[in-house]
Amino acid sequence: MDLARHAHRKDEHLSLAEKFYQPVAASQFDQLRFIHQSLPEIAVRDVDLTTHLGPLTLPVPFLIEAMTGGSPRTGQVNAQLGRIAAATGMAVSSGSQSIALQDASTVETFTPLRENNPDGIVFANIGAGHTVAQAQTAIDMLAANALEIHVNTAQEIVMPEGDRDFHWLDSIGQTVAGVNVPVIIKEVGFGMAQETLAKLATVGVQYVDLGGRGGTNFAQIENFRRPNKELSYLAGWGQTTVESLFEAHQVPQLQVIATGGVRQPLDAAKALALGANVVGSAGHILHSLIKTDEATTTAMLLDWQDGLRDIMTLLGTRNLAALKAQRLLLSPALESYCRQRCLQY
């Protein structure tokens, strides 16, 4: 591995994620509707946002999703994210620690997530294909409460220097069995299908991060890095976050994190109603940090929590279990998708 080039790529990803940021996401949350209840018989103070992911109890169902690490600049971002997580009570996930497994000098660009958030919930993060020992090293690096293993075939295909061998399932199963924390299999923006989810379940996976299309678009980012930018036709590849949530209904034993194009509390409420235990955001949080500052971003995420309580109050739902019992109205496009994929909802 060319470590200097790898660190440069991390900085490049950060800049390009902001360059291609879209204020209005295409994750299809706008194609879902709640039914308003005029007599909810509840007070906002009655709403409980506590959620669970296996053995982990999260005070709020929000995750600061995996972003970065591996260079001085990205280490500064991780320090901010650690402080924001501590101030908001949100879980936070590291960016890929693969470089830190190769170059010990980059470890300090990841550890601020824990150093600035000593009592919070932190997820470690590595790519698929690593050994159990490497996975445990990544966990120990952050005293992590869980490990995300990202699967990113579409990104690698478009990436100029990307991998071309994707035999990952056996390695995932070995890591699930071999480490001492929950293992979450994470897509990076292309969504998950029921066939993928069923395969993961066969090797013992219990937790998935659907990473749907509609948020940060790594096909677009990696294609921009290609000299001829010739793979633009893959910019729309994959399932949206909402489509992925419907796919996940078919493998109900899995617990779900929904990420990809979450831009507001109403998006989060819809994802939770569709079965997610936790809702994550990366691009929108990064955009806020770049365009404003740490204090403003912290305030925004606290406002999201208040907004979710307000929406749940409008629906008369006191907790997330009651929210999941809500039925949403689907657009004709989503109805057609579910029908063609034979998805029950």
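Criteria and cut-off values
- Residues numbered from 1 in each chain as written.
- Predicted model: local features only at pLDDT ≥ 70, side-chain atom pairs only at ≥ 80, totals over all residues.
- Heavy atoms only, no water.
- UniProt positions renumbered as here; feature names shortened; annotations may be inferred.
- Phe/Tyr/Trp six-rings, centres within 6.5 Å; stacked < 30°, edge-to-face > 60°.
- Lys NZ or Arg CZ within 6 Å of the ring centre and 35° of its normal.
- Core = buried A, V, L, I, M, F, W, Y, C linked by side-chain atoms within 4.5 Å.
- Buried < 20%, exposed > 50% of the residue type's maximum accessible area, 1.4 Å probe, protein only.
- Helix = DSSP H or I, 4+ residues; strand = E, 2+ residues; numbered from the N terminus.
- Contact = heavy atoms within 4.5 Å.
- Axes fitted to C-alpha atoms, helices over the stretch in contact; angles between N-to-C directions.
- Left-handed = near helix turned anticlockwise from the far one by under 90°.
- Nonpolar A, V, L, I, M, F, W, Y, C, P; charged D, E, K, R; others polar.

- Taking an unreviewed UniProt entry as the reference, the protein is identified by name as Isopentenyl-diphosphate delta-isomerase belonging to Levilactobacillus angrenensis.
- Database annotation for the protein, UniProt heading Subunit (unreviewed entry): "Homooctamer. Dimer of tetramers."
- Note on the protein: under the UniProt heading Sequence similarities (unreviewed entry), the record states "Belongs to the IPP isomerase type 2 family."

## Section: the packing of aromatic side chains
One pair of aromatic rings is described through two measures. These are the centre distance and the angle between the planes.
Okay, step 1: For the structure shown, the criterion picks out 2 aromatic pairs.
Okay, step 2: With a centroid separation of 5.3 Å and 80° between ring planes, the pair formed by Phe166 and Trp168 is classed as edge-to-face.
Okay, step 3: Across from the ring centre of Phe224, 4.9 Å away, lies the NZ or CZ of Lys229, which sits over that ring.

## Quick look at the nonpolar core
Okay, step 1: Ile64, Leu81, Leu147, Ile185 and Val208 are the most contacted members of the largest nonpolar core, which has 80 residues in total.
Okay, step 2: Element by element, the count of residues in this core is highest for helix α13 (residues 294–315), at 7 residues.
Okay, step 3: Not counting residues up to four positions away in its chain, the partners in contact with Leu147 are Ala124, Asn125, Ile126, Ala135, Ile139, Thr175, Val181, Pro182, Val183 and Ile184.
Okay, step 4: Among the nonpolar cores identified, the runner-up in size contains 12 residues, and Ile121, Phe123, Ile184 and Ile257 belong to it.

## So, the packing of helix α2 (residues 72–88) against α13
Okay, step 1: Put simply, α2 and α13 touch, their axes get as near as 10 Å, and they point 35° apart. In this structure, α2 crosses over α13, and the sense of that crossing is right-handed. Of the residues in α13, those in contact with Gln80, Arg83, Ile84, Ala87 and Thr88 of α2 are Glu294, Thr297, Thr298, Leu301, Leu302 and Gln305.
Okay, step 2: Tallied by class, residues from the contact of α2 with α13 come to 4 nonpolar, 5 polar and 2 charged.

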